[in-house]
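Residue strings, one per chain:
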Amino acid sequence: MWVWIAVVVIALFVLIFAASRVVGRLPALRRAAGKLERRRDEALVLQQSAERLQTTVQGLQERAERAQAKVEEIKAGRGR
């Protein structure tokens, strides 16, 4: 009977020790979670900026193609 009581007491000590280590790490985990959320928000802002930039580049590329076509049209007109 004493053996079982000793086993239960030792198991409780191990459980309390493990729980105290986890509880001790909670503030650091909360800080890390906050940093991850901020970085996620920053990444979303950067992604939106990249999408706007891509749209702008596509617009500029279309304008450059139209300008190039106009230049070739003018050159062809001079060649007549």
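Residues numbered from 1 in each chain as written. Predicted model: local features only at pLDDT ≥ 70, side-chain atom pairs only at ≥ 80, totals over all residues. Heavy atoms only, no water.

*Asks:* Talk me through the overall build of the chain; I want residue IDs and the actual numbers.
*Replies:* When helices and strands are counted, the chain shows 1 helix and 0 strands. Its C-alpha atoms give the chain a radius of gyration of 34 Å, more than 25% over the compact-globule value 12 Å for 80 residues. C-alpha extents for the chain along the principal axes are approximately 115 × 20 × 10 Å. The buried share of the chain, taken over its 80 residues, is 1%. Averaging the coordinates of the 15 positive side-chain charges in the chain and doing the same for the 8 negative ones gives two points 10 Å apart. (Helix = DSSP H or I, 4+ residues; strand = E, 2+ residues; numbered from the N terminus. Rg over C-alpha atoms; globule rule 2.2 N^0.38 Å. Buried < 20%, exposed > 50% of the residue type's maximum accessible area, 1.4 Å probe, protein only. Lys, Arg positive; Asp, Glu negative; His and termini not counted. Charge placed at Lys NZ, Arg CZ, Asp CG, Glu CD.)

*Asks:* If you had to explain the pattern of salt bridges to someone new, which residues and values would you point to?
*Replies:* Scanning the entire structure with this criterion turns up 2 salt bridges. Ionic pairing is found between Asp-41 and Arg-40, a salt bridge with its closest N-O pair at 3.3 Å. Between Lys-70 and Glu-73 there is a salt bridge; the shortest N-O distance is 3.8 Å. With Lys-70 and Glu-73 both in helix H1 (residues 2-78), this residue pair falls 3 residues apart, about one helical turn. On the basis of relative accessibility, which here comes to 54%, the residue Glu-73 falls in the exposed class. (Salt bridge = Lys/Arg side-chain N within 4 Å of Asp/Glu carboxyl O.)

*Asks:* Account for the environment of Val-71, with residues named and values stated.
*Replies:* Within the secondary structure, Val-71 sits in helix H1. For the pair Val-71 and Glu-51, spaced 20 residues apart in the sequence, the C-alpha separation amounts to 30 Å.

*Asks:* Break down a nonpolar patch on the surface for me, with residues and values.
*Replies:* There is a patch of nonpolar side chains on the surface, built from Met-1, Trp-2, Ile-5, Val-9 and Phe-13 and spanning about 640 Å² of accessible area. Position of Val-9 among the secondary structure elements: in helix H1. (Patch = residues over 30% accessible without salt bridge, like charges linked within 9 Å, V, L, I, M, F, W, Y side chains within 5 Å. Areas by Shrake-Rupley, 256 points an atom, 1.4 Å probe, with all protein chains shown as cover.)

*Asks:* Which residues make up a positive patch on the surface, and what values do they have?
*Replies:* A surface patch of positive charge is lined by Arg-31, Lys-35, Arg-38 and Arg-39. Following the sequence through the fold, Arg-39 ends up in helix H1. Take Arg-39: its relative accessible area is 61%, and that puts it in the exposed class.

*Asks:* Let's hear about H1: which residues, and what values?
*Replies:* If you check H1, its first and last C-alpha atoms are 109 Å apart, about what 77 residues at 1.5 Å a residue would give, namely 114 Å. Of all bends in H1, the biggest is about 40 degrees, found at Leu-26, and the proline Pro-27 comes one to four residues later. (Expected span 1.5 Å × (residues − 1). Bend = angle between axes of the 7 residues up to and from the residue.)

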